[in-house]
Amino acid sequence: MDSRLTKFTTHDLVMVGIFNAALVLFFYGTTIVLHFIPFLWGAMDPVLCFVLAPIFLLMVVRVPKTGVLTIHGFIIGIVHAAIGWWPGLVAGLVGGTVADAFAVAAGGYKKKTVVYGSISLFFLVKIALFYSPMYLFMYLPWFDDVLSMWPKESIEKYTVVYVIGVLAFSLIACFAGLLFGQRMLSRHFKNSSVAC
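Residues numbered from 1 in each chain as written. Predicted model: local features only at pLDDT ≥ 70, side-chain atom pairs only at ≥ 80, totals over all residues. Heavy atoms only, no water.

Undergrad: I tried to follow the overall build of the protein on my own but got confused; where do I start?
TA: Looking only at helices and strands, the protein features 9 helices and 0 strands. With 196 residues in all, the protein has 45% of them scored as buried. Partitioning the intrachain contacts of the protein with sequence separation of at least 6 by distance along the chain shows that 75% fall at a separation of at least 24. (Helix = DSSP H or I, 4+ residues; strand = E, 2+ residues; numbered from the N terminus. Buried < 20%, exposed > 50% of the residue type's maximum accessible area, 1.4 Å probe, protein only. Contact = heavy atoms within 4.5 Å.)

Structure, rendered in structure tokens:
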């Protein structure tokens, strides 16, 4: 049976829960550490991509089913919304849905290129939408409340050119993180059911 069409089992959901707990923990742990290193603030998204990519890779390899990235997008989106940045919920859901749709269209998570492409796509869509109120929609009244969370100088630096640069470096960092994760998989998870 095609793994793209199988339903999530209880074991799958437990595994997805464990990986999502690790992703949220590493996301906020890395963010907190970077806040103590001011010169790296502009590199926060690429650093996060590098740190989180191996965990994403292992999650998709262990649970190669459609919806795995959408579930993560929903969970991280709820976390972002809980701290007041509701565009993070939209970014997470859209990023996960687009990544899973790409995986289905490209043949499923059993292919290495599809896994890499889906994870990279998730990061790119999520980052672009996450910051969109600051560079695309900053003049719409819907975003007044959430934008009040950010210092004015932070909002001013988020031009379209700046975001394109962040996305480019995030893509490079994501790919480096995936290669690092692949080495970890090859060394420590040789018996994995998916040969990435």
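From this point, things continue past the structure.
Undergrad: Quick question: what am I supposed to make of the environment of Met184 here?
TA: For Met184, the position within the fold is in helix H9 (residues 160–188). In this structure, the C-alpha to C-alpha distance between Met184 and Leu58, residues 126 residues apart in sequence, is 9.2 Å.

Undergrad: Before we go on, may I ask you to explain the nonpolar core in this structure?
TA: One broad trend across soluble globular proteins is that nonpolar side chains are buried collectively. Phe56, Leu57, Val68, Leu69, Tyr109, Ile119 and Phe123 are the most contacted members of the largest nonpolar core, which has 46 residues in total. Broken down by secondary-structure element, the contributors of at least two residues to this core are helix H1 (10–35), helix H2 (44–62), helix H3 (68–82), helix H4 (87–106), helix H5 (112–130) and H9. When residues in this core are grouped by element, the largest group, 12 residues, is from H2. (Core = buried A, V, L, I, M, F, W, Y, C linked by side-chain atoms within 4.5 Å.)

Undergrad: For this particular structure, what's the right way to read H1?
TA: Note that an α-helix has 3.6 residues per turn; residues three or four places apart therefore point the same way. The terminal C-alpha atoms of H1, which comprises 26 residues, lie 37 Å apart, in line with the 38 Å expected from a rise of 1.5 Å per residue. The inward-facing, buried residues of H1 contact H2 and H3. (Expected span 1.5 Å × (residues − 1).)

Undergrad: Is there a simple way to explain the packing of aromatic side chains in this structure?
TA: One pair of aromatic rings is described through two measures. These are the centre distance and the angle between the planes. By the definition in use, this model includes 6 aromatic pairs. Summarising the aromatic geometry, the rings of Phe27 and Tyr28 are spaced 4.8 Å apart at their centres and angled 80 degrees between planes, so their arrangement reads as edge-to-face. Ring centres of Phe56 and Phe122 lie 5.4 Å apart, and the angle between their planes is 45 degrees; this geometry places the pair in the tilted category. Of this pair, Phe56 sits in helix H2 while Phe122 sits in helix H5, placing them 66 residues apart in sequence. According to the relative accessible area criterion, Phe56 is buried, its value standing at 1%. Taken together, the ring pairs connect Phe56, Phe122 and Phe123 into an aromatic cluster. (Phe/Tyr/Trp six-rings, centres within 6.5 Å; stacked < 30°, edge-to-face > 60°.)

Undergrad: Where do I start with the side chain of Asn20 in this structure?
TA: Examined against the element boundaries, Asn20 turns out to sit in helix H1. By relative accessible area, Asn20 is classed as buried at 2%. Engagement of the side chain of Asn20 in a polar contact is seen with the backbone oxygen of Val16, the distance being 2.8 Å. Here His72 takes part through its side chain, which lies 2.6 Å from a polar atom of the side chain of Asn20. (Polar contact = N/O pair within 3.5 Å; in protein donor to acceptor, adjacent residues only side chain to side chain.)

Undergrad: Whenever I open this one, a nonpolar patch on the surface confuses me. Can you help?
TA: Nonpolar side chains collect at one region of the surface, where Trp86, Val90, Val94 and Val98 lie side by side and expose about 290 Å² of accessible area between them. Positionally, Val94 belongs in helix H4. (Patch = residues over 30% accessible without salt bridge, like charges linked within 9 Å, V, L, I, M, F, W, Y side chains within 5 Å. Areas by Shrake-Rupley, 256 points an atom, 1.4 Å probe, with all protein chains shown as cover. Salt bridge = Lys/Arg side-chain N within 4 Å of Asp/Glu carboxyl O.)

Undergrad: Honestly, H2 in this entry has me stumped. Any pointers?
TA: When the terminal C-alpha atoms of H2 are compared, their 27 Å separation across 19 residues agrees well with the 27 Å that a helix rising 1.5 Å per residue should span. Taken across its 19 residues, H2 has 15 buried, putting it largely inside the fold.

Undergrad: What am I meant to see in the environment of Phe50 here?
TA: Relative to the helices and strands, Phe50 resides in helix H2. Phe50 sits 125 residues away from Phe175 along the chain, and the two C-alpha atoms are 7.7 Å apart. The contacts of Phe50, once residues within four sequence positions are left out, are Ala173, Ala176, Gly177 and Phe180.

These results come straight from atomic positions and should not be treated as a statement about function.
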